[in-house]
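So the chains spell out like this:
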Amino acid sequence: MNLLEELKNRFRPALATLTDAPEAFVEMVRPSGDVRHGDYQANCAMPLGGQLKQPPRQVAEAIVQALDVNDMCHEPEIAGPGFINLRLKDEWLQEQTARLVSDERLGVEPVAEPQTVVVDFSAPNVAKPMHVGHLRSTVIGAALVRMLRFAGHKVISDNHIGDWGTQFGMIIYGWNNFRDEEVYERDPVGELARLYRLVNQLCDYHAATTEQPSVEERLNEAERLLEEAKDQDPPEDKSAAKRHKKELKKLQSRVEELTARLDSLNKQKSQIEQDEILHPLAEAHPDIVRLSREETAKLHAGDETNLALWQRFLPECLAALQKVYDQLGTEFDLSLGESHYQPMLASTVADLEEKGLAVESDGAMCVFLEGNEAPFIVRKRDGAFTYATTDLATIRYRVEELKADRILYVVDARQGEHFRLLFGTAARWGFTDLDLQHISFGTVLGPDNRPFKTRAGDTVGLESLLEEAVRRARKIVNENDDSRTDEAGQPAPEMDETTRADVARVVGIGGIKYADLHHNRESDYVFSWDKMLARTGDTATYIQYSYARSSGIFRQCEVDPQSLRDNPGKGVILSTPEERALALELLQFPEQLAAALADYRPNVLTACLFSLANTFSSFYEKCHVRREEDIDLRTSRLLLCDLTARVLATGLDLLGIRTVSQM
RNA sequence: GCCCCCGUAGCUCAGUUGGAUAGAGCAUCGGUCUUCUAAACCGAGGGUCGCAGGUUCGAAUCCUGCCGGGGGUGCCA
């Protein structure tokens, strides 16, 4: 049972006696923010009073009069300006908690109207190694897939891999000019990555060389304007003076921006120029930018040689990606990359054109949407299609072939405009019943509050990041287990090598995922090793530890959880505030999951799991299980331990995080 | 130029879409192990919610303006 929904269902008829539109007021029933105000509160009497032009407290009285919650709650209290405070009866809580014991879904009812939901996430480019930027999409996406599926939807996870873009032209160019076949035979992906990096570096060098003069020119101009503005006397008029100051600041920041840009170009250039190997290569390949692009174009045009190379390289690249997914424990139902949609692009543009949506502008085919200055370019001047085209073709495919009712795109926030245009175009294209959502997220920052990079300025590879997490976790596991002592104070480690390695993996990978998920996805967040693997605080470890402690109780008491569930004795008895608080939180799991899903926010779920683990820890200290002599109370506490363990493990599993019974 | 996002405790972040005295974690300080796992528990201090107006019974939340920071922006994805 969803407790909050149940209360709302009780309020609905009561409110209907006072207003024709009760729904908005029903939504004002919520868990209390403060235990002193009971377990739940209804805040609808004040606004309803305003609408009815009656004193709010009088309205609250009327609502309470019409309300039937006698079986669940104590007499509702009216407080302050008209808050209705509800306190659940212990007997009712006991009964409901006991019901969970035999409920595999822990009280979560499947959604009334299941949909087919496509979740598009991760989407790395092949050839470029996955980096920290892919972490959020992959972790958040995988969590949403599991949560939606558990809620009862038909979910199709799809990895929309970038396997058809410009990076392949670079690799082909690199292969044709710089390959080392011997190395390729040994380590194909390593060699391809090297080729990509090399060509990319050389391209950047030439691009920098081309760009430099114009930046210099713009910088000189900006500096000149700034000097001019500085020489002017500030105007007497107050608002004009303000405008003058603002103008100065803007010019100043423009100069700074261009200076920084120029510095970085110069740095890029000199890095190559001082390199004895790279510089001659750069000199020998002056047209590398254009030629790589041509290799891409040839591939797209069906050139046999390039197509054969693509077919040869792709499986190797996919295998490398799979390694990271294996490490993360992430699975996809489909991995339909961009190349899959290649045959559908021409007809997509033709259809848009036919329907009058796409028009020619500056030689390109564009869709212009009202309220948007930027065009949505579906075919470039040179005839090539863009990712806008691919995304549109993908929508059509997902609706027609996969029967999608809803599509979620777990993609970083900077692409917000692209998705606005995409969704707008799709709607005008005729996909009006389709629910399209950009599940956007912020950037992972380094300790300097800039996007997370290595000291050398490279993006951080995901594979090494995960390895590092496991390595650090292993160190903590070792320290922790090595410091254990027996009753005589002698060292008494409990884990063998295999167990330690397994725990380190679960804790390390879990820590990295949890650190990501527990932030609001919309915010940027600062990446910190120390925090994600901390022995204290709001971490995966803390929740995993609560689970392990519960398992420990069953080991110590020599009780099998399943046989306990089959023979729950007199059920759940709430004899202390700790037990009551624990039972209430267990019963709130369904509403928390629903809340997390309503806005696609895994952090709602992490918060509820952390809170539950916290409440369990207090219970653990205060309500000893094994030493409890009253057999009924002991059984009740075992039931609470088992339920807590199941909710924690289920919740973490929905987030893609594993648990261990001992750590 | 236009568009989007952010500013909450020393630090990192929540804040259930307008609710009661703004919350966590870390850090700091003080307590708790002859142990159902101390990777824990209990307690304390710490705030002009960037600033100024407005909307109303009530604003961190909505509106306007300002200050500060980030991002996107016609042919990369």
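Residues numbered from 1 in each chain as written. Chains lettered and ligands numbered in written order. Predicted model: local features only at pLDDT ≥ 70, side-chain atom pairs only at ≥ 80, totals over all residues. Heavy atoms only, no water.

S.K.: Describe in detail the overall build of chain A, supporting the description with residues and values.
M.R.: Broken down by element type, chain A carries 25 helices and 13 strands. With respect to the three principal axes, the spread of C-alpha positions in chain A is 85 × 75 × 60 Å. A total of 663 residues make up chain A; the buried ones form 48% of that total. At a minimum sequence separation of 6, the contacts of chain A that also span at least 24 residues come to 74%. Accessible surface computed for chain A: about 32,900 Å², of which carbon and sulfur atoms make up 48%. The averaged location of the 108 negative side-chain charges in chain A is 3 Å from the averaged location of its 77 positive side-chain charges. (Helix = DSSP H or I, 4+ residues; strand = E, 2+ residues; numbered from the N terminus. Buried < 20%, exposed > 50% of the residue type's maximum accessible area, 1.4 Å probe, protein only. Contact = heavy atoms within 4.5 Å. Areas by Shrake-Rupley, 256 points an atom, 1.4 Å probe, with all protein chains shown as cover. Lys, Arg positive; Asp, Glu negative; His and termini not counted. Charge placed at Lys NZ, Arg CZ, Asp CG, Glu CD.)

S.K.: Please give an account of the sheet that holds strand S11 (residues 435-441) that cites residues and values.
M.R.: Pairing within the open sheet is parallel, and its four strands lie in the order S6-S5-S10-S11. Sheet topology places strand S6 (154-158) and S11 at the edges, where each strand pairs with a single neighbour. Within this sheet the neighbouring strands show an average axis-to-axis angle of 20°, counted without direction. The sheet contact formed by strand S10 (residues 406-412) and S11 spans seven bridges and is parallel. By the bridge assignment for S11, Val-410 is matched with Ile-439. Sheet contacts for helix H15 (residues 387-400): strand S5 (116-120), S6, S10 and S11; angle to S10, the most-contacted strand, approximately 145°. (Pairing = 2+ DSSP bridges. Axes fitted to C-alpha atoms, helices over the stretch in contact; angles between N-to-C directions.)

S.K.: Go over a positive patch on the surface, please, and point to the residues and values.
M.R.: On the surface, Lys-242, Lys-245, Lys-246, Lys-249 and Lys-250 cluster together into a patch of positive charge. Of the residues examined, Lys-250 reaches a relative accessible area of 53% and is grouped as exposed. (Patch = residues over 30% accessible without salt bridge, like charges linked within 9 Å, V, L, I, M, F, W, Y side chains within 5 Å. Salt bridge = Lys/Arg side-chain N within 4 Å of Asp/Glu carboxyl O.)

S.K.: Quick one: what's the story with the protein's contact with RNA strand B, residue by residue and with numbers?
M.R.: Lys-249, Glu-338, Ser-523, Tyr-545 and Tyr-620 are the nearest of the 71 residues found near RNA strand B. Of everything in RNA strand B that lies within 4 Å of the protein, sugar and phosphate atoms constitute 61%. Taking Asp-362, its main chain carries an N or O atom lying 2.9 Å from a base nitrogen of RNA strand B. Here a sugar or linking oxygen of RNA strand B and a side-chain polar atom of Tyr-545 are 2.2 Å apart. Counting residues per element, the surface near RNA strand B draws most heavily on helix H20 (residues 540-557), at eight residues. Among the residues making up the surface near RNA strand B, the classes are represented as 22 nonpolar, 25 polar and 24 charged. (Near = heavy atom within 4 Å. Polar contact = N/O pair within 3.5 Å; in protein donor to acceptor, adjacent residues only side chain to side chain. Nonpolar A, V, L, I, M, F, W, Y, C, P; charged D, E, K, R; others polar.)

S.K.: Account for the domain arrangement of chain A, with residues named and values stated.
M.R.: Bring the parts together and some accessible area is lost; that lost area is often taken as the interface size. The domain boundaries assigned to chain A delineate domain 1 (3-88) and domain 2 (191-303). The straight-line distance from the C-alpha centre of domain 1 to that of domain 2 is 61 Å. (Domains from an automatic or database assignment.)

S.K.: Hey, could you go over helix H18 (residues 497-517) for me, with residue numbers and the actual values?
M.R.: In an α-helix, one turn spans 3.6 residues; hence positions three or four apart end up facing the same way. The end-to-end C-alpha separation of H18 is 30 Å, in line with the 30 Å expected for 21 residues at 1.5 Å each. The element H18 is extensively covered by neighbouring structure, given that 15 of its 21 residues are classed as buried. (Expected span 1.5 Å × (residues − 1).)

S.K.: So what's going on with unusual backbone geometry? Residues and values would help.
M.R.: Non-glycine residue Lys-53 carries a positive phi angle of around 55°. Structurally, the position occupied by Lys-53 is in the loop between helix H3 (45-52) and helix H4 (56-66). Relative accessible area serves as the criterion here: at 73%, Lys-53 is assigned to the exposed category. A positive phi angle is found at Tyr-600, which is not glycine, with a value near 55°.

S.K.: Which residues make up the sheet that holds strand S1 (residues 29-31), and what values do they have?
M.R.: Across a sheet, paired strands are connected by hydrogen bonds in the backbone, their directions being either parallel or antiparallel. The four strands are arranged S1-S2-S4-S3 in an open sheet whose pairing can be described as antiparallel. Edge positions in the sheet fall to S1 and strand S3 (77-79), since each has one partner strand and no second. Averaged over all pairs of adjacent strands, the angle between their axes in this sheet comes to 30°, without regard to strand direction. Judged from the three bridges that link them, S1 and strand S2 (residues 40-42) form a sheet pairing that is antiparallel. Pairing of Pro-31 across the sheet is with Tyr-40, part of S2. In the packing of helix H1 (residues 3-16) onto the sheet, contacts are made with S1, S2 and strand S4 (83-86), and the angle to S1 comes to roughly 150°.

S.K.: Which residues make up the packing of aromatic side chains, and what are the values?
M.R.: Centre-to-centre distance and the angle between the planes together describe a pair of aromatic rings. Evaluation of the coordinates by the stated rule reveals 18 aromatic pairs. Both rings, one in Trp-429 and one in Phe-431, keep their centres 5.3 Å apart while their planes meet at 70°; by these two values the pair is edge-to-face. Take Trp-429: its relative accessible area is 6%, and that puts it in the buried class. Three or more aromatic residues joined by ring pairs make a cluster, and in this case those are Phe-121, Tyr-325 and Phe-332. One cation-aromatic arrangement involves Arg-105 over Phe-150; the distance from NZ or CZ to the ring centre is 4.7 Å. If you follow Arg-549 out to its NZ or CZ, it ends over the ring of Tyr-620, 3.9 Å from the centre. (Phe/Tyr/Trp six-rings, centres within 6.5 Å; stacked < 30°, edge-to-face > 60°. Lys NZ or Arg CZ within 6 Å of the ring centre and 35° of its normal.)

S.K.: Tell me what's going on with the nonpolar core, and back it up with residues and numbers.
M.R.: Counting residues in each nonpolar core, the largest one holds 156 residues, and the members touching the most others are Met-147, Leu-465 and Leu-605. Among the domains, domain 1 (3-88) and domain 2 (191-303) are the pair contributing at least three residues each to this core. With residues near it in sequence (within four places) discarded, Leu-605 still touches Met-147, Phe-589, Leu-593, Ala-596, Gly-651, Leu-654 and Leu-655. Leu-336, Ala-358, Tyr-397 and Ala-404 belong to the second-largest nonpolar core, a separate cluster that totals 33 residues. (Core = buried A, V, L, I, M, F, W, Y, C linked by side-chain atoms within 4.5 Å.)

S.K.: Break down a negative patch on the surface for me, citing the residues and quoting the values.
M.R.: Judged by side-chain charge, Glu-353, Glu-354, Glu-360 and Asp-362 come together as a negatively charged surface patch. Following the sequence through the fold, Asp-362 ends up in the loop between strand S7 (358-361) and strand S8 (364-367).

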